[in-house]
There are 2 protein chains.
Amino acid sequence: MRNHGLVVSLDAMGGDHAPHSVLDGAAIALKENSRLRFRIYGDEAEVLPLLEANPKLAAASDFIHTPDKIASEEKPSVALRKGKNSSMQRAINAVKDGDADCVISSGNTGALMAMSKLSLRMLPGIQRPAIANLFPTRRGHCVLLDMGANIECNATHLFQFAVMGEAFARAVLGIDRPSVGLLNVGSEDMKGHEHVRAAAQMIKEAPIDINFYGFVEGDDICGGTVDVVVTDGFTGNITIKTAEGMARMLAHDLRKAFKGSFLAQLGYLLMMPAIRPLKNKLNPQRYNGAMFLGLNGIAVKSHGSAEAESFANAIRVGVNIVQHGLNEKILEELDTSGAYNPTSDEKVVGEIA
Amino acid sequence: MRNHGLVVSLDAMGGDHAPHSVLDGAAIALKENSRLRFRIYGDEAEVLPLLEANPKLAAASDFIHTPDKIASEEKPSVALRKGKNSSMQRAINAVKDGDADCVISSGNTGALMAMSKLSLRMLPGIQRPAIANLFPTRRGHCVLLDMGANIECNATHLFQFAVMGEAFARAVLGIDRPSVGLLNVGSEDMKGHEHVRAAAQMIKEAPIDINFYGFVEGDDICGGTVDVVVTDGFTGNITIKTAEGMARMLAHDLRKAFKGSFLAQLGYLLMMPAIRPLKNKLNPQRYNGAMFLGLNGIAVKSHGSAEAESFANAIRVGVNIVQHGLNEKILEELDTSGAYNPTSDEKVVGEIA
């Protein structure tokens, strides 16, 4: 593992709480790891005063003024065309040009993916990058991908997501032989979309050592049945948001119940220490930092609503991926599997969510 | 509303706890509504002793011996071919032949849907039946469809699901102008699969009075944004199971937290009255009874693991649908919308989950 002079490129203008959240997040990450260095891209009028107020962070950072920023509702195609001098594009370029090891942004997901794809390009052999997230389970957490980069997927894409997700769980999470499941509507061979069944066949037949569980269903995600859950970006995006919505509803209803009566409030106070670990487990801040897998460079998407603590976590995710040499491991795996030269010519319409 | 001599046909052999759960469930439903009558299909050696032990239920029921039963893992195609004398098929036939108003089964979903489709046929103009479920939200509950009857859907199917779901929310749930949303990965017009966008267009342009909200995302389901959430059976099945898995994980973790220490246990006891409504809200028994919408006859799928109380709820769902004349309302709506003669010739591969 290397950790010498690792450089993180930051889009200081992306997200609801930028640039404060970005600079404060960087300061938190720096406190934990004093060897980090930052390249900070943003508007000097907004960013410089904040940077000057934190001499330690300033000493560890290069600041680059960028006149433009990508709006959160901007279409990716427009962002690509007009965003050449945006903080987002310039922060990505730092990775492309070898000036930084990874880039972190809380900005527009579609624009970040489109720009990263075009600037960093794909890992050789990878047809589509995927967005991967950690998600809480009964046993701890699992990796879910794709969370919305690819609305339409064919069997080869799902196969490559499985390879990338497995490499991530092994390299970055340190799981010895991560189990991999394909999300489906049943566990039997004949269930689900044809391309999902074809992907299962490809994984089984590939000359690689993947601990393939087979099909998993929706309740297997939180059930912790497997370490890596693979699906297309449409299903993945809706699934993860539905589960988050369920967790939020329950938290809301519990809070209401706790406030309901004097006895309930007293009960809540007594239980608080026992409930705290659960609250932590579900804290979205802990899971902030979606990985773009399959790019020839490391890019991490922080949630648009991320605040400092949460943004610091996205930085940790990026640093972790770099330190563990994830891309090298994905390439090794793909090389072995022969997936460098996929022969599939299935028609697929690509989109960015 | 009619309620005179309403006859419910029961597959007494379907589900993990059959026939006990079915007969005990029928007894519970009968206690609430003494005008119900049952036609009970099953193996006489297993069912008759139970029926004879409950004279009130026996007096309200006709029992019909059926030699075969459909196994829970049977393929729908095999069930159709070999199940002519099964309790499931005969119970469905009772609705087809006009001997019963609705049929309830806890058996194999795929087989029940295939048999119902073939025996009852579709409502005129409906291309595909859908499975609809109630789901808890912040505001109460919403209707979700399709929950797994149709893995691949085109725009016309989604449009018809919207019409059927809206009619259900209006007729059976009594909501005045139910709002309808199409599940997607974003709220903007350009997001998601082409057929989802095309369905939105169809709903907007149809000459019917639908309170169409537009696209909704995963977290809008529990958020209670709309009364009816429409999606394809692949996404719907995975989504609902993922949310259930999340709720189960949280309940499991909370139970563990409550048992953690003496203080936590005491706190739990104090809070119990406040937590009870939440527990009830999430109780899957309350939501048992998935509606098959779009068939020319009422069929309700009870969960395979349903016990008596839960099965009684599935009976209530069936009775409710009959009493509110749901199918007549769907037909009116379709007639107005001109969806009787859909011109779509999109290629779609049909499957039953």
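Residue positions are counted from 1 within each chain, in the order its sequence is given. Think of it this way: whatever chain is written first is A, whatever ligand is written first is 1, and the rest follow in order. Totals for whole chains, interfaces and linings use all residues, but because this is a predicted model, local features are given only for residues with pLDDT of at least 70 and pairs of side-chain atoms are given and counted only at 80 or more. Where side-chain values are given, they derive from all heavy atoms of the structure, hydrogens and water being excluded.

1. Overview of the interface of chain A and chain B
Definition in use: It only takes one pair of heavy atoms within 4.5 Å for two residues to be counted as in contact. Salt bridge criterion: a side-chain nitrogen from Lys or Arg within 4 Å of a carboxyl oxygen from Asp or Glu. Under this definition, polar contacts are N or O atom pairs within 3.5 Å; protein pairs additionally need one hydrogen-donor-capable and one acceptor-capable atom, and for neighbouring residues in sequence, both atoms have to be side-chain atoms. Helical segments are the DSSP runs of H or I of at least four residues, strand segments are the runs of E of at least two, and each set is numbered from the N terminus.
Tallying the contact residues gives 56 residues for chain A and 57 residues for chain B. If you look at where chain A meets chain B, you find four salt bridges. As a salt-bridge pair, D219 of chain B and R248 of chain A come within 3.2 Å of each other at their nearest N and O atoms. In this assembly, chain A and chain B are joined by eight residue pairs in polar contact (both at pLDDT 80 or more). Listing elements by their share of the side of chain A that touches chain B, those giving two or more residues are β5 (130-137), α8 (194-205), α9 (218-223), α10 (233-258) and α11 (262-282) of chain A. With 20 residues, α10 of chain A is the single largest residue contributor to the side of chain A that touches chain B.

2. Overview of the packing of helix α1 (residues 20-32) of chain A against helix α12 (residues 308-323) of chain A
Residue and element names in this part refer to chain A. Quick reminder of the rule: Simply put, an axis is a line fit to the C-alpha atoms, just over the touching stretch for a helix, and the angle between two N-to-C directions goes from 0 to 180 degrees. Here the angle decides the label: under 35 degrees means roughly parallel, over 145 means roughly antiparallel, 65 to 115 means roughly perpendicular, and every other value means oblique. Helix crossings are classified by the rotation of the near helix relative to the far one: an anticlockwise turn of less than a right angle makes the crossing left-handed, while a clockwise turn makes it right-handed. Note on residue categories: nonpolar means Ala, Val, Leu, Ile, Met, Phe, Trp, Tyr, Cys or Pro, charged means Asp, Glu, Lys or Arg, and polar means any other residue, Gly included.
Two elements in contact, α1 and α12, have axes separated by 7 Å at closest approach and are oriented at 60 degrees. If you check the angle between α1 and α12, you find them oblique. Considering the relative orientation of α1 and α12, their crossing is right-handed. Residues S21, V22, D24, G25, A26, I28, A29 and E32 of α1 form the contact with α12, whose own contacting residues are A308, E309, F311, A312, I315 and R316. Residues of the contact of α1 with α12, tallied by class, amount to eight nonpolar, two polar and four charged.

3. Overview of the nonpolar core
Operational definition: Grouping buried Ala, Val, Leu, Ile, Met, Phe, Trp, Tyr and Cys residues that are joined through side-chain atoms within 4.5 Å yields what is termed a nonpolar core. Here the term buried applies to any residue with accessible area under 20% of the maximum for its type, exposed to any over 50%, and partly exposed to those in between, with areas from a 1.4 Å probe on protein chains only.
Counting 236 residues, the largest nonpolar core has F38 and I315 of chain A together with F38 and I315 of chain B as its most contacted members. Ignoring any residue separated from it by four or fewer positions in sequence, one finds I315 of chain B in contact with V8, L10, G25, A26, A29, L36, F38 and I104 of chain B.

4. Side note on the sheet that holds strand β2 (residues 37-42) of chain A
Residue and element names in this part refer to chain A. Short version of the rule: The rule for pairing is simple: two strands pair if DSSP sees at least two bridges between them.
Read across the open sheet, the eleven strands follow the order β3-β2-β1-β4-β11-β10-β5-β6-β9-β7-β8; overall the sheet is mixed. Single-partner strands in this sheet number two, and they are β3 (61-65) and β8 (211-216). On average, each strand axis in the sheet is inclined to that of its neighbour by 25 degrees, with strand direction left out of account. Here strand β4 (residues 102-105) runs beside strand β11 (residues 298-301); their pairing, made up of four bridges, is parallel. Along β11, the bridge assignment pairs V103 with A299. Across the face of the sheet, helix α2 (residues 44-52) comes into contact with β2 and β3 while running at roughly 160 degrees to β3.

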